[in-house]
Amino acid sequence: MPAQQEVIQVAAATEPGAAGEQPVVSQYAAPVPAGERERLLWMYRTMLRIREFDERIVQLFGEGKIAGALHSYVGEEAVATGVCAHLRPDDYVVSTHRGHGHLLAKGGEMRRMMAELYGRVDGYCRGKGGSMHITAVELGMLGANGIVGAGVPIATGAGTAIHLKGTDQVVVCFFGDGAVNIGPFHEGLNLAATWNLPVTFVCENNLYAQFTPQRLHAKLPDLYLRAQGYGIPGLVVDGNDVLAVADVVQEAVARSRSGGGPTFIEAKTYRWHGHAVNNPASAVGRDEREIADWKAKDPIPRLAHHLLERGIATALELDSIRDEVLQEVEASIAFAEASPSAPPEAALEHVYAHLPPRADL
Amino acid sequence: MRELLLREALNEALHEEMDADPRVFLLGEDILDPWGGTFRVTEGLSTRFGTERVRETPIPEAAIVGCALGAALLGMRPVAEIMLLDFTAMAMDQIVNQAAKLRYMTGGQASVPIVIRTAGGAGRASAAQHSQSLEAWFTHVPGLKVVMPSTPYDAKGLLKAAIRDPDPVIFIEHKMTYGVRGPVPEGDYTVPLGVADVKRPGTDITVIATSRQVLRALEAAERVAREDGYDVEVVDPRTLYPLDTRTILASIKKTHRAVVVHEAPKRGGWGGELLSTIVEGAFDYLDAPIVRVAAPNTPIPFAPEMERYIVPDVAEIVAGIRQVMA
Ligand SMILES: Cc1ncc(C[n+]2csc(CCOP(=O)(O)OP(=O)(O)O)c2C)c(N)n1
Ligand SMILES: [Mg+2]
């Protein structure tokens, strides 16, 4: 039996299709830079990448170019970005159905995600997963998930593996306010707490689960208070302030790395759009004032203001970042459209890693 | 050859695999010493390998499977124990929507080499929530492999193969077979997944049975040999998926007759799937309609008399054989 670490197969996913002559990793899908100024500019760029990607795919959906359930992260960019600002490339994140931002913040290539949404072979999942299952194992992004709350136990498993291997890696588990009332959430939190696992639980409280406001689903509006029931630290943060998010996560992650166990962080935020693009009912019944108030707390101008105010960046620099991001979005669309569709029979692949010669699928 | 109880054979497989591969670890409820598991399959393992690699969980079936899965994504080889097959109902999302589909949904990026060991079957007056045979739930889900050993030899070899397998495996032990004794060679061997075993060669009729019913089918074969002079071939698929259809069809092409036996209720049972496979692959060879021997479509009752009535026994298999031979 081989004792060494099994290499998880990723080769297949990076095999190029027609568009594959270009370099494998695009310029901006890179680890978080080390310097303070660079890190801040990375945050700005990352939030913009998420914003522009998710705004653009709504249009593409409207044009009939991409199909399926697309959950927009617009408005919540500061959470994924602030969280990933202090993660290393060898750390892990476990995502939700609203996973585009998590992937981009973890260093994902926009064009390979775009190709996945187009259902093309150069997509991260070769067109088999789509938006709701966007995954990049090689980046430590262990998967978006179509099942609310399902990532919580999975994150404890990643934490268990890290614990058994004895490394100082960490896991961040994202989930929504809707997930805190489902059984496996409780099971996973209790397990992570009991086993003192290196997992930071980040609740993206955007006040709604699908169409329904949180007050109809739980009596306690402050979800971080639940941490006490598991005997772990519970913190609350302004989820529209990327610097504040980065600070609390840095502390939580540092605690996990040094064996201090899990932390529960509630990031209070808001999604600007309905639950999913293909779901008109989700826009019904929201208060215009509420939406306007939250748009006034847009995390991206907030960071821009900070950068300009402190003389960390010039308006010119921020503009050119925006231009580059817009170019990246258009280039990713071109990449996706140039990527071939998989032959339909590819639907029969990847069900099992191994079947004996005598077995039929 | 040395003889072991089936429970001991499983225990030995776990010892050997944990010894050979540091990625293998166990998690489940009440699996630590001095208890060593509800059916004592994990006896001695926490003492030998420590409580890091033999991990006592609270009672969260979904999290047990999810945790195994998450660890597998990072290259570990977890063996999760779900105390009873009935309790997998609590973990169905993690088994069916997560473990079974991750490789597929990620276009081959993710590997989920987990084994879920669990105990099924009636026979201990444990009533309707602790006695079921739910294997058909899992054979219906692409991405899962389903194993049901019937002998100590197979149990050890199949468990070792399951642990080394790159895909998620549901390993269903029958709680009434833990005390079955049989020959088990010393040392390392595997029984590959997807290879059926002809447990008794014969020429007149093929009985395909699973799990504990293999043992009853063998008894029934002896009885009809004595009383009717029929020469029965008993085939144990050992893994319901991947299924060794070749061995099963070859047997039927030889005997031209078949009885399918399992402990699960007949309706929607795995036997119906097997029967269709036989009809698709060997219809022209059949000399008589196939008979299914299975439980009636009821929950499992508590009272031992009623429980014995529900679970197929040797007499019912004998009757099934006679019906097909008539
Ligand atoms: C187990 C399960 N139940 C229901 C759904 C349908 N569903 C998808 S997202 C969602 C709401 C989730 O809300 P929340 O966790 O707050 O995340 P958000 O969409 O707000 O980011 C529901 C009910 C599902 N995917 N999984
Ligand atoms: Mg929500």
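Structure's up top.
Residues numbered from 1 in each chain as written. Chains lettered and ligands numbered in written order. Predicted model: local features only at pLDDT ≥ 70, side-chain atom pairs only at ≥ 80, totals over all residues. Heavy atoms only, no water.

Asker: How would you sum up the packing of helix 8 (residues 212-227) of chain B against helix 12 (residues 314-325) of chain B? Please name residues and give values.
Answerer: All names here are of chain B. Contact geometry of helix 8 with helix 12 gives a least axis separation of 8 Å together with a crossing angle of 55°. In terms of their interaxial angle, helix 8 and helix 12 are classed as oblique. As helix 8 packs across helix 12, the resulting crossing turns out to be right-handed. Here Gln213, Arg216, Ala217, Glu219, Ala220, Arg223, Val224 and Glu227 of helix 8 come into contact with helix 12, specifically with Val314, Ala315, Ile317, Val318, Ile321 and Arg322. Split into classes, the residues belonging to the contact of helix 8 with helix 12 amount to eight nonpolar, one polar and five charged. (Axes fitted to C-alpha atoms, helices over the stretch in contact; angles between N-to-C directions. Helix = DSSP H or I, 4+ residues; strand = E, 2+ residues; numbered from the N terminus. Parallel < 35°, antiparallel > 145°, perpendicular 65-115°, else oblique. Left-handed = near helix turned anticlockwise from the far one by under 90°. Contact = heavy atoms within 4.5 Å. Nonpolar A, V, L, I, M, F, W, Y, C, P; charged D, E, K, R; others polar.)

Asker: Could you give an account of the interface of chain B and chain A, naming the residues involved and the relevant values?
Answerer: Many structure descriptions define interface size as the accessible area lost when the parts assemble. Taken together, the contact pairs 58 residues of chain B with 55 residues of chain A. In total, chain B and chain A occlude about 4700 Å² of area from one another, counting both sides; carbon and sulfur atoms represent 60% of this. Contact with chain A buries area across many residues of chain B, yet Leu74, Tyr104 and Gln109 of chain B alone supply 18% of it, more than any other trio. Where chain B meets chain A, there are 20 residue pairs in polar contact (both at pLDDT 80 or more). Among the secondary structure elements, those contributing two or more residues to the side of chain B that touches chain A are helix 1 (6-20), strand 2 (24-28), helix 2 (45-53), strand 3 (54-56), helix 3 (61-73), helix 4 (92-99), helix 5 (102-105) and helix 9 (245-255) of chain B. With nine residues, the top contributor of residues to the side of chain B that touches chain A is helix 3 of chain B. The class makeup of the residues in the side of chain B that touches chain A is 26 nonpolar, 15 polar and 17 charged. (Buried area = accessible area lost by both parts, 1.4 Å probe. Polar contact = N/O pair within 3.5 Å; in protein donor to acceptor, adjacent residues only side chain to side chain.)

Asker: Give a description of the site of ligand 1 that names residues and reports values.
Answerer: Residues and elements named next belong to chain A. The full set close to ligand 1 counts 16 residues, and His97, Arg98, Gly146, Gly178 and Asn206 are the nearest of them. Between valine 148 and ligand 1, the recorded distance is 3.1 Å, taken from a backbone N or O atom to a nitrogen atom. A distance of 2.8 Å is found between an oxygen atom of ligand 1 and a side-chain nitrogen or oxygen belonging to asparagine 206. Of the residues that constitute the shell around ligand 1, the class distribution is six nonpolar, seven polar and three charged. (Near = heavy atom within 4 Å.)

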